[in-house]
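A look at the structure
Below, each chain spelled out in residue letters.
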Amino acid sequence: MAYLAVNYPAPIPVGHVVEVTEYEDTRPEKKRRGFDMGEAFRHPALQDLDTGIRYLNHVHVSRGGNGGNSFTPNKYPLQPRTDLSVARVWRARVAACTLVNVEGLDTQHTMLELTAEE
């Protein structure tokens with residue numbers, strides 16, 4: 001059993017197989033301190049292999065900031081940026097999925113319980 005938390009909504013149904021892509025921290029050693037939640041290595045990308053739906057953080061598709069505001073939809077690409085260095089890709093089956101509303105951030109976070117997929 002593995003637990004995975006992401007800071008975006010990913011309502012993946014129980015029983016579905018997900019592919020998790022983790023990214024490398026490519027920052028120079030001297031820059032690896034402080035608050036760095038805007039870096040792709042902090043946020044795994046998810047793809048529900050049963051539906052084909054991909055769940056991403058804006059850092060997976062945009063190099064700078066979130067690209068706008070919540071009133072205007074952004075035209076994000078359908079796939080993660082090609083310049084991101086992949087550290088690891090693995091598959092698992094969803095055993096539980098919980099979405100939590102975070103009012104202060106006006107968003108949802110997701111907690112997944114995953115079992116290894118053979």
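Thresholds applied
- Along every chain, residues carry numbers that run from 1 in the direction the sequence is written.
- Totals for whole chains, interfaces and linings use all residues, but because this is a predicted model, local features are given only for residues with pLDDT of at least 70 and pairs of side-chain atoms are given and counted only at 80 or more.
- Each side-chain value is derived from all of the structure's non-hydrogen atoms; neither hydrogens nor water enter the calculation.
- Two strands pair under a simple rule: DSSP has to find at least two bridges between them.
- The secondary structure listing takes helices from DSSP runs of H or I that are at least 4 residues long and strands from runs of E that are at least 2 residues long, numbered from the N terminus.
- Put simply, buried Ala, Val, Leu, Ile, Met, Phe, Trp, Tyr and Cys residues joined by side-chain atoms within 4.5 Å make one nonpolar core.
- Relative accessibility decides the category of a residue: with a 1.4 Å probe and only protein chains considered, values under 20% of the type maximum give buried, values over 50% give exposed, and everything between is partly exposed.
- What makes two residues a contact is simply this: any of their non-hydrogen atoms within 4.5 Å.
- Should a side-chain nitrogen of Lys or Arg be within 4 Å of a carboxyl oxygen of Asp or Glu, the pair is scored as a salt bridge.

Let's talk about the sheet that holds strand 6 (residues 107–116)
For sheets, the rule is that strands pair by backbone hydrogen bonds, running either parallel or antiparallel. The strand order across the open sheet built from six strands is 1-6-5-2-3-4, with neighbouring strands paired in antiparallel fashion. Among the strands making up the open sheet, the edge pair consists of strand 1 (2–6) and strand 4 (54–55). The pairing of strand 3 (residues 45–48) with strand 4 spans two bridges and is antiparallel. Looking at strand 4, one finds that Gln-47 is bridged to Arg-54.

Some details on the nonpolar core
In this structure, Ile-12, Val-18, Val-20, Leu-46 and Leu-114 are the most contacted members of the largest nonpolar core, which totals 14 residues. Setting aside residues up to four positions removed in sequence, Val-20 forms contacts with Leu-4, Pro-44, Ala-45, Leu-46, Arg-88, Val-89, Trp-90 and Leu-114. Judged by nonpolar contacts, the second largest core, of five residues, contains Ala-40, Ala-45, Val-59 and Leu-84.

A word on the pattern of salt bridges
Overall, the coordinates contain three salt bridges when judged by the stated rule. Among the salt bridges present, the one from Arg-88 reaches Glu-22, with a minimum N-O distance of 3.0 Å. You can see Arg-88 sitting in strand 5 (residues 86–102) and its partner Glu-22 sitting in strand 2 (residues 17–23), a full 66 residues away along the chain. Given the relative accessible area of 24%, Glu-22 is considered partly exposed. Residues Arg-81 and Asp-83 are paired through a salt bridge, measuring 2.9 Å at the closest nitrogen-oxygen approach.

Digging into the pairing of strand 5
In summary, the side chains of a regular strand alternate between the two faces of the sheet. Alignment of strand 2 against strand 5, held across seven bridges, turns out to be antiparallel. Within the sheet, the bridge partner assigned to Val-17 lies in strand 5 and is Arg-93. Relative to strand 6, strand 5 is paired through ten bridges, and the arrangement is antiparallel. Bridge pairing links Arg-93 to Thr-115 in strand 6.

Digging into the pairing of strand 6
Bridge count between strand 1 and strand 6: five bridges; the pairing is antiparallel. Looking at strand 6, one finds that Val-6 is bridged to Thr-110.

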